[in-house]
Amino acid sequence: MKYTIALAGNPNSGKTTLFNQLTGARAHVGNWPGVTVEKKEGSILRSDNLNLIDLPGIYSLSPYTLEEVIARNYLLKERPDVIINIVDATNLERNLYLTTQIVETGIPTVIACNMIDLVNQAGDYLNSKALSAHFGAPVVEISALRGDGLDELVSAVKEAASSRRESHYVLHLSKEVEAEIKQVEKELETTSSDKLHGMPRRWWAQKLLEQDEKALEEIPLSSEQKARIDALEEKLDDDVQSVISTARFKSIAAIMDSIYTCKNPHRLSLSDRIDKIVTNRILALPIFVLVMFLVYYLSISTIGTLGTDYVNDVVVGEWAQGGVEALLTNLGASDWIIGLTVDGVIGGVGAVLGFLPQMAVLFLLLSILELSGYMARIAFILDRIFRKFGLSGKSFIPMLIGTGCSVPGIMASRTIEQEADRRMTAITTSFVPCGAKLPIIAFIAGALFSGAWWFAPICYFVGVAAVIVSGIVLKKTRGFAGDPAPFVMELPEYRLPTFKGVLLSVWERSFAFVKKAGTIILLSSIVLWFLQAYGVTSQGIVAVEDAGDSILAVIGGAIAWLFIPLGFGDWQSTVATFTGLIAKENVMSTFAIVFGVQGDVLELIEAGEWSSLAAITQHYTMSSAFSFLLFQLLCAPCFAAIGAMHRELGNAKWTLFAVAYQTAFAYSFSLIYYQFALLFSGNPFTPVSAVAIVVLLAWFYLLFRKKPIEQGKLQVESV
Amino acid sequence: MRTVLDLKTGEQGIVRRIHGRGPLKRRFSDMGITKGTSIKVTKIAPLGDPIQVNLLGYELSVRKEDACEIEIE
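In this text the structure is predicted, and so the values were computed from the model without any measurement.

Enquirer: An account of empty space enclosed by the protein is requested, with residue identities and associated values reported.
Expert: One pass over the full model with this rule turns up two cavities of 30 Å³ or more. Roughly 50 Å³ of volume is contained in the largest cavity. Grouping the amino acids of the lining of the largest cavity by side-chain chemistry returns four nonpolar, three polar and two charged.

This is the structure we're talking about:
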């Protein structure tokens, strides 16, 4: 007999650590259906029939936040055999609130009191027997971190699974509410047991009286019931939901004295002392800047980039590509096989693997920030600024990392809990100019704007403005309108992250990147490599020397007219835009090829030898060059970044939306810029100028229109 | 009406009522801000918003626009 065990508990209660300990960290990681909330499943060690499902960290089974709805639906629709409710023993009062809701489902429950080592250390005492008696469920004292008490936990779970002893916990409520619950319970007797999903009738009665949105979707209230609830709430002078919540906390407070003895209730915890400095009014921002500098320095400036360069140049470039090329040549393989294998496949795989070292360093730092509890403080410090643009305070890190490389930047958005904020961050991060776009900026600044000092800052300003404008515009659309859950965030105790916990987190995230982002990057790189290296000639499809003869050039020529209103409607610029999709470094190297520049174009730019680059420069005016740059800064990022977005957005629909939005955004603003530049330099007014004005007005409208009524609030009003 | 916002840093109050309805009210009560709970303002964020409160032995960050719904005695 196989049993399904669900692991439920508050965020920061040590749930992930316990999950890893119980399953030996061999988990199947996926997403819950339809959302990007992680779902982990694994087998419990030392047992061959216990399958463990990790539910999202939640404070309650309310119907509002995404995580809570997922956990609830799971308990309701899948009905696991046993629930392990992990409880932070150092923070019992709040943690047991969820316990009161879990045992009410009737599903056999084992309460795991975690961090018992800290309780003992402080000289406190937890009376497990009394706790167990109160909830009618076995209680096991554990320390997930040190692995204490896990055997006892597993045997308690086995016991609960085989005996199927349902819990019969009942929360006692005031006479008026109790009478109404009994009444609704009676009325539910005619409801089919399918509809009740195996939950006790009392559970449904409570939810219906609370006017719980999700419960009402399953079993609507009759107008007579609704009237009775209104009358009851009138009498209570509060809504039933609040009355029940208050009763839950009161019932816990009433037993606290008998289950927990605190040796020194007034001691200042280590966290309080750290917080006195870290979120101090004066020191908070300097400390934050320092931490961010370290993150950037380690992942972008030094170790991360060194590792990535090494993998790209030596491992992929010399060993893999060089070795395989030599091998295939010796075997007498034809040129196209060598080209496909070396440049197409290995180049494509290399593009994925090359990001790994940088990613691993960044993930390492992020998991330290998260596990230590500092990440929550970042959100606390920056919330005021970022919420204006529909972003979370935690969006700062993705944006900062994005100045180095968008790929790890986008991946860093994983730390944001709210789905809408995370989406917004994933979509807007690549607007911040990344390192690979610097050669384009440097070239245009140097060759066409005679090295003006303000040029590069303007590019970064454009990026930040694009993030802000998009934040405001998208926030008003339906897809982002809303997580109705407000920003009420726990600031967890500071904890020293463990080596094992950090490494596991790095491994899981890196693997997820390779798996999900890797496929997109690899496939699209191969396709574009083919289009670029091959051309249609009288002999059929053959490899071409001159990029001007390639299939890509033909496609570029065919759609170049699209860019005429933007000032760069020629096949060369179009082809460079396409090759930029593989990596933005390719934009300048493509220019070098199609305009016949001698020497390494990136080195020429670095050395400022603009005369050698004259062939490119002559092709542009200041206006068309800046318009081209604007487009490159804002349009769809490289495939690797698109792959990372796909990983974070969770489905193809959102990824397509993101790419379409970015490209439309880039097109609009290049168009507006170029057409206004033409008008200001004395050119006549044309129909295209009119279009540019209309597009500008449209963006103004999107930016300043009134925010439609929030869905969440609307729903509540109509209940 | 006295709300949490009227408390100075370090001051403590007893929750009398949460105003409004729906997600915010539910969230507050799920986090332990219910009638009779004692709540203390521990800190204001460096930029003036949100505020940090302590209740039931843990720390919570609440935006000012939301905190004004928490009435205290």
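After that view, the rundown keeps rolling.
Enquirer: Could you give an account of the domain arrangement of chain A, with specific residues and numbers?
Expert: All names here are of chain A. Split into domains, chain A comes out as domain 1 (3–163) and domain 2 (175–255). Between domain 1 and domain 2, the residue contacts involve 18 residues of the former and 20 residues of the latter. A combined buried area of about 1800 Å² lies between domain 1 and domain 2, and 62% of that area is made up of carbon and sulfur atoms. On the domain 1 side of the interface with domain 2, the three residues burying the most area are Leu-76, Tyr-97 and Glu-104, jointly 32% of the side's total. In this assembly, domain 1 and domain 2 are joined by three salt bridges. Lys-77 is the partner of Glu-218 in a salt bridge, and the nearest nitrogen-oxygen pair spans 3.6 Å. There are five residue pairs in polar contact (both at pLDDT 80 or more) connecting domain 1 and domain 2. If you tally residues by element for the side of domain 1 that touches domain 2, the top one is helix α3 (residues 92–103), at six residues. Across the side of domain 1 that touches domain 2, the residue classes break down as seven nonpolar, five polar and six charged.

Enquirer: Go over helix α23 (residues 455–475) of chain A with me, naming the residues and quoting the values.
Expert: The periodicity of an α-helix, 3.6 residues per turn, causes residues three or four places apart in sequence to face the same way. In this model α23(A) runs 30 Å from its N-terminal to its C-terminal C-alpha over 21 residues, within 8% of the 30 Å that 1.5 Å per residue would give. Among the residues of α23(A), those classed as buried are Phe455(A), Cys459(A), Val462(A), Gly463(A), Ala466(A), Val467(A), Ser470(A), Gly471(A), Val473(A), Leu474(A) and Lys475(A).

Enquirer: Describe the packing of aromatic side chains, with residues and values.
Expert: Residue and element names in this part refer to chain A. As enumerated under the stated definition, the model contains 36 aromatic pairs over all chains in all. Relative to Tyr-297, the ring of Phe-293 has its centre 5.6 Å away and its plane inclined at 25°; by these criteria the two rings are stacked. Here Phe-293 pairs with Tyr-297, and both are found in helix α14 (residues 284–301), just four residues apart, close to one helical turn. Using a relative accessible area of 38% as the deciding quantity, one classes Tyr-297 as partly exposed. Between Tyr-661 and Phe-665, the aromatic rings sit 5.8 Å apart at their centres with planes inclined by 40°, giving tilted as the arrangement. Of this pair, Tyr-661 and Phe-665 both sit in helix α33 (residues 652–680), four residues apart, roughly one helical turn. Judged by its relative accessible area of 10%, Tyr-661 is buried. Judged by its relative accessible area of 3%, Phe-665 is buried. The cationic tip of Arg-377 hangs over the ring face of Tyr-494; the distance from NZ or CZ to the ring centre is 4.1 Å.

Enquirer: Which residues make up the packing of α14(A) against helix α17 (residues 356–372) of chain A, and what values go with them?
Expert: Residues and elements named next belong to chain A. Relative to each other, α14 and α17 sit at 155°, their axes nearing to 8 Å. In terms of orientation, α14 and α17 fall into the roughly antiparallel class. α17 is crossed by α14, and the crossing has right-handed handedness. Where α14 approaches α17, its residues Val-291, Met-292, Val-295, Leu-298, Ser-299 and Ile-300 are matched on the opposing element by Gln-358, Val-361, Leu-362, Leu-365 and Leu-369. Residue classes in the contact of α14 with α17 are distributed as nine nonpolar, two polar and no charged.

Enquirer: I'd like a description of the interface of chain A and chain B, backed by residues and values.
Expert: Counting residues at the interface gives 47 residues for chain A, matched by 34 residues for chain B. Among the residues of chain A in contact with chain B, Arg281(A), Phe380(A) and Val488(A) are the three that bury the most area, contributing 18% of the side total. The salt bridge partner of Arg387(A) is Glu65(B), with a shortest N-O separation of 4.0 Å. Our enumeration of links across chain A and chain B arrives at 17 residue pairs in polar contact (both at pLDDT 80 or more). Breaking the side of chain A that touches chain B down by element, the ones donating at least two residues are α3, α12 (240–259), α13 (270–278), α14, α18 (374–386) and β10 (488–491) of chain A.

Enquirer: Kindly report on helix α11 (residues 223–236) of chain A, identifying the contributing residues and their values.
Expert: Residue and element names in this part refer to chain A. If you check α11, its first and last C-alpha atoms are 20 Å apart, about what 14 residues at 1.5 Å a residue would give, namely 20 Å. Considered for burial, the residues of α11 that qualify are Gln-225, Arg-228, Ile-229, Leu-232 and Glu-233. For α11, the arc enclosing every buried residue in end-on projection is 135°, short of the 170-degree limit, so these residues lie on one face. Those residues of α11 that are exposed and aimed more than 90 degrees away from the buried face are Ser-223 and Glu-234.

Enquirer: Break down the pairing of strand β2 (residues 38–44) of chain B for me, with residues and values.
Expert: Residue and element names in this part refer to chain B. Strand direction decides the pairing type here: strand β1 (residues 12–18) and β2, joined by three bridges, are antiparallel. Paired with Gly-13 across the two strands is Ile-39, which belongs to β2. Pairing between β2 and strand β3 (residues 51–55): four bridges, direction antiparallel. Across the sheet, the residue bridging to Ile-44 is Ile-51, located in β3. Connecting β2 to the next strand, β3, in antiparallel fashion are six residues, including Gly-48 with a positive phi near 95°.

Enquirer: Can you explain the environment of Val184(A)? Please cite residues and give values.
Expert: Residues and elements named next belong to chain A. Within the element layout of this structure, Val-184 appears in helix α7 (residues 175–187). The class for Val-184 is buried, based on a relative accessible area of 2%. Distance from Val-184 to Trp-571, taken between C-alpha atoms, is 72 Å for residues 387 residues apart in sequence. Not counting chain neighbours up to four residues away, the residues in contact with Val-184 comprise Ala-205, Leu-208, Leu-209, Gln-225 and Arg-228.

Enquirer: Account for the pairing of strand β12 (residues 540–543) of chain A, with residues named and values stated.
Expert: Residues and elements named next belong to chain A. Across four bridges, strand β11 (residues 534–537) lies against β12 in antiparallel orientation. If you follow Gly-535 over to β12, its bridge partner there is Val-542. Where β11 folds back onto β12 in an antiparallel hairpin, the turn is made up of two residues.

Enquirer: Let's hear about a positive patch on the surface: which residues, and what values?
Expert: On the surface, Arg281(A), Arg384(A), Lys388(A) and Lys64(B) cluster together into a patch of positive charge. Along the polypeptide, Lys64(B) turns up in helix α2 (residues 64–67). Lys64(B) sits in the partly exposed class, given a relative accessible area of 31%.

Criteria and thresholds
Residues numbered from 1 in each chain as written. Chains lettered and ligands numbered in written order. Predicted model: local features only at pLDDT ≥ 70, side-chain atom pairs only at ≥ 80, totals over all residues. Heavy atoms only, no water. 1 Å grid on protein atoms, 1.4 Å probe; cavity = no way out; pocket = protein on both sides within 12 Å on 5 of 7 lines; lining within 4 Å. Points joined across faces, edges and corners; volume = space filled by probe spheres on them. Nonpolar A, V, L, I, M, F, W, Y, C, P; charged D, E, K, R; others polar. Domains from an automatic or database assignment. Contact = heavy atoms within 4.5 Å. Buried area = accessible area lost by both parts, 1.4 Å probe. Salt bridge = Lys/Arg side-chain N within 4 Å of Asp/Glu carboxyl O. Polar contact = N/O pair within 3.5 Å; in protein donor to acceptor, adjacent residues only side chain to side chain. Helix = DSSP H or I, 4+ residues; strand = E, 2+ residues; numbered from the N terminus. Expected span 1.5 Å × (residues − 1). Buried < 20%, exposed > 50% of the residue type's maximum accessible area, 1.4 Å probe, protein only. Phe/Tyr/Trp six-rings, centres within 6.5 Å; stacked < 30°, edge-to-face > 60°. Lys NZ or Arg CZ within 6 Å of the ring centre and 35° of its normal. Axes fitted to C-alpha atoms, helices over the stretch in contact; angles between N-to-C directions. Parallel < 35°, antiparallel > 145°, perpendicular 65-115°, else oblique. Left-handed = near helix turned anticlockwise from the far one by under 90°. Arc of directions from axis to C-beta. Pairing = 2+ DSSP bridges. Patch = residues over 30% accessible without salt bridge, like charges linked within 9 Å, V, L, I, M, F, W, Y side chains within 5 Å. Areas by Shrake-Rupley, 256 points an atom, 1.4 Å probe, with all protein chains shown as cover. Lys, Arg positive; Asp, Glu negative; His and termini not counted. Charge placed at Lys NZ, Arg CZ, Asp CG, Glu CD.

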